[in-house]
Every structure is written in C-alpha cells, then in structure tokens.
2 protein chains.
Amino acid sequence: MSKLRVHNYSLSLDGFGAGRQQDLQHPLGLSGDRLHHWIFDTAYGRTMVGLGEGTTGIDHQMLLAGDENIGATIMGRNMFTPYRGPWDASAAAIQWRGWWGPMPPYHHDVIVLTHFPRPALHLAGGTTFHFITDGPEAALHAATNAAAGKDIRLGGGAAALRDFLTMGLIDTIHLAMVPLLLGSGERIFDVDWVLAGYRCAASTTGEGATHLHFVRA
Amino acid sequence: MSKLRVHNYSLSLDGFGAGRQQDLQHPLGLSGDRLHHWIFDTAYGRTMVGLGEGTTGIDHQMLLAGDENIGATIMGRNMFTPYRGPWDASAAAIQWRGWWGPMPPYHHDVIVLTHFPRPALHLAGGTTFHFITDGPEAALHAATNAAAGKDIRLGGGAAALRDFLTMGLIDTIHLAMVPLLLGSGERIFDVDWVLAGYRCAASTTGEGATHLHFVRA
C-alpha cells in the first residue's frame, strides 16, 4: 500500500508555512524565504542549487529521508504557480512552467490540485505535471497509480496540507520548525490536528530546524 | 528599571497555552496538564510538590532562571481561579484562594488583572494577591511599585499574555514548547508577534521542552 507522506515542511514558531502576499518575487510570501535557510546550509540543499559543499548532519539526513521510496508528488496549485485564477489569466500565467526551471527535481509524476483544467505538462528529466480538478481523493488516486507501489509525497502548500489532513488522507507528517516568527501568513494549525487523528511521535533537534514527526493515533 | 518578563510559559506545538474547557478539574483545560509534565521531571518541579529528586539539566536551569530577580508577579484572573464572572457568583467562588494552597510559591505581591474589584488577599509566606481592575498598564504600575527595583514576571494565562504583548509592555518572553498537540484551546499566536515588535533571539533544546527566547526587535 502506498503511503501519503509529508516531509521537511518548514514552519515558523508561530505556525506559518508561508508569509503573507505570496507572489512572483516572494514564492513563500513576505519573509517566507527565511523558512528555507536551514535547507541551504545542508549538502542536500547546496547541491540542489549548485553551490557545493554543505552540512551533512541531522538536517541533511532528514532531507535525504524525505526523498526515499517516493514515486509521485501531490501539490496544491498555489505551490505550483504564483498566479491565481484561470491558467490563461495573463501571458505570464500562460507561460509559467513551475518554480523549478527546465528540469524540475521531481523526476516523477506530480499531481497538481486545481479548480481549473489544463493538459499535462512534460518537462525534462522525467517530471510530468498533471492537473487534477476533482479534489484531494481523486488527486491521491491519480498519484497512487503514478507511484506504482512506492509512496506519495504531499509537498504543500498550507491549504493543501490542511485539506488532506482534515480528510485523514495523510499517513505521516514531518515538519521542520524553524526558530523564527513570521507574524502572519498561511497557517497550518487553524484546523484541529488532534480531532483529525494525529499525534506527535518524535522530536529531533537538527542544526537549523527541529524535526517533528506526526502519525495517526 | 524593572523589566516585565515571561518565563517557562508552556506551549503545545500547535500554539496552545492551555486546552479548552478550563475548570476546577482541568486547570489547564482538557489535556492541558500534559503541557507541564516536563516541569515535574525536574528537581525544581519535584521539590515544589514534595516528590524528591529530579533532573538538573537544561529544563531545571531554565526554571530556576525564571525566578531570578523577580519582585512581583502579574497574572490574568483566569489563571487565579477556575470561576468566571463576579467573585461572589457561588459559595465555591467566594471561598477560592488560588490554585496554590495555603502557602503559595510566590512570596511576594501578585497583581491579578480582573474586571471585578475585590480586597487584597494575604496568604502565608509573604504572598499577597491584589486585584486590579484598571487594565494592563495599571497592573504593571502596581507591580512595579511592589517589585521595589526588581523585575516583574507575567505568569499568564494566554489572554493576559496576548494583551500585554500587543501593548508592547513585555520586555522578554521565554516559551517552553512541548512536543505534543492539543488541537484546540487558548492560542497565543492569533495576535501578530512580529507586528508587536518581537523576534526569536535564541532556541535551546531541553530534556522535555524546547526553550524559545524572544526579545523586542
């Protein structure tokens, strides 16, 4: 059975997965980029952006573990693009092909949950973005088929995480809590995680983030 | 100048300082007692309740530091009593003298912020509860006089913390984040801590809690 897993989802102390005002200049909203600084201190993160050596401690190991046995990814549409509304709302919106350049780091099928239908987008390196409009369960069904027995990773953003969580569809959740405040933005705890059936099973202190692992009770 | 300090304020991962339904049987609300288990593993906590030896590591040291140079305490009325409304709403409400028994652990003046006037309450060991109805600034003024040059500690609860924080009256805040979820209850991050002027200055991992220190930016 494929599991649906969340990994290395960065979070501020005050519970924000992104700052407010997400746009082209601020993929994670105002000050939201600070949520990811811990990643770019690691060998994992520095290799990803071609910057060479980095740390290889707990944070690095957590990032590696997040990729293990993953055969497909699900993300909310707001994680795929800074543009809102129909795909053809502007020339820039039409041309958008994701944040990850011509060869995205997924190398498998990525299911994008959206209200607006769109043909699949094939990019170099084996990544295909599929756009699913029938809701979380349909996205999970499509991802399960694509994963071919491997697990599925739910990437985010905050709205997708809340939706899948309250529907009880996520098997394990790993948050990376970063010691900073954002003050405002996208909250993940304004839905009741206990009512949804989750408990914290482990907490591990990394170099730049505290890694919190949640399972269904 | 006396500083207003918060120390060892226990918090769940999802941002709750207490569970819902605080009452006589549940001083910290449903499941809220779990927020304080880390305290009762330490020598500080076990001595307080007459249980003998405990740990003397980071958590213990943080608890000791919270008492250093404190000359007065401020708390919200909901932290003083499980009863709501006027002080004489019931026989039990009238007889209530705080959660801390005949000799409370404060040994100084405690300013209780309330909407309902009441004469001061003198208990053994040098603790006097004063009931102030003129708001946070008046409470701080009374506490400053009582502290006689020492600092003042803001004990809680969540509503008092939010009120003093948004008014910018708190100098330093130390939260003890406990690796558990409460799901619902009293939130402290539904006011904007960044807008109020605070930033996280340090994070230290203890045995049972992660200690987060905030200062005014």
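Residues numbered from 1 in each chain as written. Chains lettered and ligands numbered in written order. Predicted model: local features only at pLDDT ≥ 70, side-chain atom pairs only at ≥ 80, totals over all residues.

Q: Hey, could you run me through the sheet that holds strand β1 (residues 4-12) of chain B in this one?
A: Hydrogen bonds along the backbone pair up the strands of a sheet, which may run parallel or antiparallel. Residue and element names in this part refer to chain B. Taken in spatial order, the nine strands of this open sheet run β5-β6-β4-β3-β7-β1-β8-β11-β10, and their pairing is mixed. At either end of the open sheet lies a strand with only one pairing partner, and these are β5 (121-122) and β10 (198-205). Note that β1 and strand β8 (residues 172-178) share six bridges and pair parallel. Residue pairing across strands places Y9 opposite L175, the latter belonging to β8. The sheet strands contacting helix α6 (residues 158-166) are β1, β3 (70-76), β4 (109-113) and β7 (151-156), and the helix crosses β7 at an angle near 130°. (Pairing = 2+ DSSP bridges. Helix = DSSP H or I, 4+ residues; strand = E, 2+ residues; numbered from the N terminus. Contact = placed C-beta atoms within 7 Å. Axes fitted to C-alpha atoms, helices over the stretch in contact; angles between N-to-C directions.)

Q: Would you explain the interface of chain A and chain B in this entry?
A: It is common to give the size of an interface as the accessible area lost on bringing the parts into contact. Each partner contributes residues to the interface: chain A has 21 residues there, and chain B has 21 residues. Taken together, the elements giving at least two residues each to the side of chain A that touches chain B come down to β10 (198-205) and β11 (210-216) of chain A. Broken down by element, the side of chain A that touches chain B gets its largest block of residues, five residues, from β10(A). Classifying every residue of the side of chain A that touches chain B by side-chain character gives twelve nonpolar, six polar and three charged. (Nonpolar A, V, L, I, M, F, W, Y, C, P; charged D, E, K, R; others polar.)

Q: I keep staring at the confidence of the model for chain A and nothing clicks. Help me out?
A: The pLDDT averaged across chain A works out to 96; a share of 100% of its residues lies at or above 70. Model confidence for the complex: the whole-complex pTM is 0.94, and ipTM, which rates the interface, is 0.92. (pLDDT = per-residue confidence, 0-100.)

Q: Looking at this structure, how should I read the sheet that holds strand β8 (residues 172-178) of chain A?
A: Residue and element names in this part refer to chain A. Here nine strands make up an open sheet; going across it, the order is β5-β6-β4-β3-β7-β1-β8-β11-β10 and the pairing mixed. Whereas interior strands pair on both sides, the edge strands pair on one side only; in this sheet they are β5 (121-122) and β10. As judged from the five bridges shared by strand β4 (residues 109-113) and strand β6 (residues 128-132), these two strands associate in the parallel manner. Paired with D109 across the strands is T128, a residue of β6. On the sheet, helix α2 (residues 58-67) packs against β1 (4-12), β3 (70-76), β8, β10 and β11 and is oriented at approximately 145° with respect to β1. Of the strands in this sheet, β1, β3, β4, β6 and β7 (151-156) touch helix α5 (residues 136-147), which is tilted by about 155° from β3.

Q: In this structure, what is going on with the pairing of β10(A)? I would like to understand it.
A: Across a regular strand the side chains alternate sides, sitting on one face of the sheet and then on the other. Residues and elements named next belong to chain A. Bridge count for β10 against β11 is seven bridges, and the pairing is antiparallel. Note on β11: the bridge partner recorded for T205 is T210. Here β10 folds back onto β11, and the loop between the two strands holds four residues.

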